[in-house]
Amino acid sequence: MMEKKFLESHRLSRSEYTELLRKWEDRETAELLRNEAVRLRKQYYGTKVFTRGLIEFTNFCKNNCYYCGIRSGNRNAQRYRLTEEEILECCRNGYALGYRTFVLQGGEEKI
């Protein structure tokens, strides 16, 4: 049984992975894989949830990824860049709200 091989070794050939993905609609297979994913998540990450403050410090971007709201071709986007002080103020506000870690995110700018 391919599912058993995957659960024991976490390794399959390319064709076996393809076959396993085709079986995803089988409820028993899906439940088996879901349970393994939950087991591994708990093993490596536990059950705690951690939140992080997200600070988007610029929405200028050189790329034109069609799905993205800040893509270069979006002429309706109001562009901005936060200053260092504005970023630190976001961190202070986030800290007051209980966040202890922050992720800085921005578009890819032309340099």
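Presented here is an overview of the structure given in this document. Since the structure is predicted, the reported quantities are computational estimates derived from the model, not experimental observations.

1. A few points about the pattern of salt bridges
- A full pass over the atoms with the stated rule returns 8 salt bridges.
- Note that lysine 4 and glutamate 8 form a salt bridge whose closest N and O atoms lie 3.9 Å from each other. With lysine 4 and glutamate 8 both in helix H1 (residues 2–9), this residue pair falls 4 residues apart, about one helical turn.
- Classification of glutamate 8 as exposed rests on a relative accessible area of 59%.
- One salt-bridge network, in which partners are shared between bridges, spans Glu85, Glu89 and Arg92.

2. Focus on the pairing of strand E2 (residues 102–106)
- Both strand E1 (residues 53–58) and E2 contribute to a ladder of 5 bridges, which runs parallel. Looking at the pairing, isoleucine 55 lines up with leucine 104 of E2.
- After leaving E1, the chain enters helix H4 (residues 84–96) and then returns to the sheet as E2, a path that is right-handed.

3. Notes on the packing of H1 against helix H2 (residues 14–22)
- One way to put it is that H1 packs onto H2 with a least axis distance of 10 Å and a crossing angle of 115 degrees. On the basis of the axis angle, H1 is roughly perpendicular to H2. Between H1 and H2 lies a crossing of left-handed hand. Residues Met2, Glu3, Lys5 and Phe6 of H1 form the contact with H2, whose own contacting residues are Glu16, Tyr17, Glu19 and Leu20.

4. Some points on the nonpolar core
- Listed in full, the 5 residues of the largest apolar core are Met2, Phe6, Leu12, Leu20 and Leu33.
- If near-sequence neighbours (up to four positions away) are discounted, phenylalanine 6 is found in contact with Arg11, Leu12, Tyr17, Leu20 and Leu33.

5. Points about the side chain of glutamate 36
- Relative to the elements of secondary structure, glutamate 36 occurs in helix H3 (residues 27–45).
- Residue class for glutamate 36 comes out buried when judged on its relative accessible area of 11%.
- Polar contacts involving the side chain of glutamate 36 include one to the side chain of arginine 39, which spans 2.9 Å.
- Setting aside residues no more than four positions away along its own chain, glutamate 36 makes contact with Leu7 and His10.

6. Regarding unusual backbone geometry
- Positive phi values are uncommon outside glycine, yet histidine 10 reaches one of about 60 degrees.
- Note that histidine 10 resides in the loop between H1 and H2.
- Of the residues examined, histidine 10 reaches a relative accessible area of 32% and is grouped as partly exposed.

About the thresholds
Residues numbered from 1 in each chain as written. Predicted model: local features only at pLDDT ≥ 70, side-chain atom pairs only at ≥ 80, totals over all residues. Heavy atoms only, no water. Salt bridge = Lys/Arg side-chain N within 4 Å of Asp/Glu carboxyl O. Helix = DSSP H or I, 4+ residues; strand = E, 2+ residues; numbered from the N terminus. Buried < 20%, exposed > 50% of the residue type's maximum accessible area, 1.4 Å probe, protein only. Pairing = 2+ DSSP bridges. Right-handed = clockwise from strand over helix to strand, strands pointing away. Axes fitted to C-alpha atoms, helices over the stretch in contact; angles between N-to-C directions. Parallel < 35°, antiparallel > 145°, perpendicular 65-115°, else oblique. Left-handed = near helix turned anticlockwise from the far one by under 90°. Contact = heavy atoms within 4.5 Å. Core = buried A, V, L, I, M, F, W, Y, C linked by side-chain atoms within 4.5 Å. Polar contact = N/O pair within 3.5 Å; in protein donor to acceptor, adjacent residues only side chain to side chain.

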